[in-house]
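As a plain string of letters, each chain reads:
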Amino acid sequence: MISIKHLSKTFQNPDGSTLTVLKDVNCDIDKGEVISIIGPSGTGKSTLLRAINMLEPPTGGEIWVDGENIMAKGYPLDRLRRKMGMVFQGFNLFEHMTVLENVVYAPTKLLHVPLAQAREEAMELLKKVGMAQKADVYPASLSGGQKQRVAIARSLAMHPEVILFDEPTSALDPTMVGEVLSVMRQLAKEGLTMLIVTHEMRFARDVSTRIFFMNEGIIYEDGSPDQIFRHPVHSATKAFVNRIQKLVYEIDSDDFDYLQIHTGINRFCIKYNLGDKADPAYAIVKEMLFTHMRDQRPLTLRMTYAELSGETALDFMVEGRKDSPLAPDAALDSIRALSRDIVEEPTARGFRVKVLL
Ligand code: ADP
Ligand code: MG
């Protein structure tokens, strides 16, 4: 359905310098595929999506859609826009129109669908994304997750052959990410062709037929979710998919700021959607710092979260000792009750007590 050959994009900066963002992108996308594009920020993922629907015309290469070269002179862009829906990070709803009017607008204006029919269809789509009860309100009264679901319904109303999603959940409060992803999961199941730039690794692994790992302006590795996430060929892919998010505190003396640590853990858990881990984490940290490891200073406290496996842990690290700082008879029952496991192990520079949440 879409075939991209040697695509490149170079931006001209106002000072005359240039920046090549897409170097040589090649791929073929079939009908019904759900492709997630992952990769570090600044590697051209958004630019690629914007090039594919000609919002940002490429500077070299070819893009073929349904057998037509869309970069050829005279190719009608309105035809392309009908085939391709786009859902952005920032929703882009028409604020002066109700939810229903937002969905009805393009089909009536661009496809000349009769209003009654367009409304009926819009209500069906709003039902599908769980927003029918909000048909008559204005976007300003909706949450971010609700706005994004309306934006998806609006895009579907044009019956596109493919929808391009550019980080559809990254501007959302973490509590609303799930409702948008579940709508997208449903669309994937129904066979809609989707190209999704996302940093939601587990979502990408679960819904995609293929993953593109983009790095430095090219599709660095292209494969099944199993290949990219479990058996990547390139070390850069492996490093990216196994990224671990960390929160670190160095505790040098006894007058450390416990409140600051508590707040930090709270923020970390919100950011990575670890809601149910926050309470056990506070309790474990408190008991370790004030009881079992009270005499260990300096001590490094680290909270880690591996995005792909979901593994979350608290590390308590003491430098320069080879044996466990925990007393052999330490009463760890309450910590065991709040955790999956406690691992005591020497490291290159000292000793670590790891509590798996
Ligand atoms: P990603 O989506 O992977 O984070 P982008 O495609 O947004 O990356 O951007 C890649 C690079 O291109 C960045 O360095 C960005 O600053 C640059 N860039 C994007 N759009 C423009 C533009 N319109 N003019 C100049 N530079 C741009
Ligand atoms: Mg981007």
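It should be noted that the structure appears before, not after, this text.
Residues numbered from 1 in each chain as written. Chains lettered and ligands numbered in written order. Predicted model: local features only at pLDDT ≥ 70, side-chain atom pairs only at ≥ 80, totals over all residues. Heavy atoms only, no water.

This paragraph deals with the pattern of salt bridges. This model, assessed by the stated rule, comprises 21 salt bridges. Look at the salt bridges and you will find they share partners, linking Lys 9, Arg 50 and Glu 56 into a network. (Salt bridge = Lys/Arg side-chain N within 4 Å of Asp/Glu carboxyl O.)

Spacing of three or four residues puts side chains on the same side of an α-helix, whose turn is 3.6 residues. Its 14 residues place the ends of helix 10 (residues 258-271) 20 Å apart at the C-alpha level, agreeing with the 20 Å of an ideal helix rising 1.5 Å per residue. Residues of helix 10 that are buried sit in contact with strand 11 (244-251), helix 11 (278-292) and strand 12 (299-306). N-capping of helix 10 is provided by Asp 257, with a side-chain oxygen placed 3.3 Å from the backbone N of Leu 259. Once helix 10 ends, the next one or two residues include Asn 273, with phi positive near 60°. (Helix = DSSP H or I, 4+ residues; strand = E, 2+ residues; numbered from the N terminus. Expected span 1.5 Å × (residues − 1). Contact = heavy atoms within 4.5 Å. Polar contact = N/O pair within 3.5 Å; in protein donor to acceptor, adjacent residues only side chain to side chain.)

Turning to unusual backbone geometry, a few remarks are in order. Note the cis peptide between Arg 297 and Pro 298, where omega equals 0°. Among the secondary structure elements, Pro 298 is positioned in the loop between helix 11 and strand 12. A positive phi angle is found at Glu 167, which is not glycine, with a value near 45°. Tracing the chain through its elements places Glu 167 in the loop between strand 7 (162-166) and helix 6 (174-189). Even without glycine at this site, Asn 273 takes up a positive phi of about 60°. Tracing the backbone through its elements, the reader meets Asn 273 in the loop between helix 10 and helix 11.

Attention shifts here to the side chain of Ser 8. Along the chain, Ser 8 falls in strand 1 (residues 2-12). Setting aside residues up to four positions removed in sequence, Ser 8 forms contacts with Leu 22, Lys 23, Pro 58, Thr 59 and Gly 60.

Below, the discussion takes up the site of ligand 1. The environment of ligand 1 is made up of Phe 11, Leu 19, Val 21, Pro 40, Ser 41, Gly 42, Thr 43, Gly 44, Lys 45, Ser 46 and Thr 47. Here Thr 43 contributes a backbone N or O atom positioned 3.2 Å from an oxygen atom of ligand 1. Between ligand 1 and the protein, one listed contact pairs an oxygen atom with a side-chain N or O atom of Thr 47 at 2.5 Å. Taken by itself ligand 1 offers 560 Å² of open surface, and the protein chains cover 61% of this. Those elements that place two or more of their residues in the shell around ligand 1 are strand 2 (18-29) and helix 1 (45-52). Considering each element in turn, the shell around ligand 1 owes the most residues, three residues, to helix 1. By residue class, the composition of the shell around ligand 1 is four nonpolar, six polar and one charged. (Near = heavy atom within 4 Å. Areas by Shrake-Rupley, 256 points an atom, 1.4 Å probe, with all protein chains shown as cover. Nonpolar A, V, L, I, M, F, W, Y, C, P; charged D, E, K, R; others polar.)

Moving on: the pairing of strand 2. Bridge count between strand 1 and strand 2: eight bridges; the pairing is antiparallel. The partner of Thr 10 across the bridge, within strand 2, is Thr 20. Here strand 1 folds back onto strand 2, and the loop between the two strands holds five residues, one of which, Gly 16, carries a positive phi near 95°. (Pairing = 2+ DSSP bridges.)

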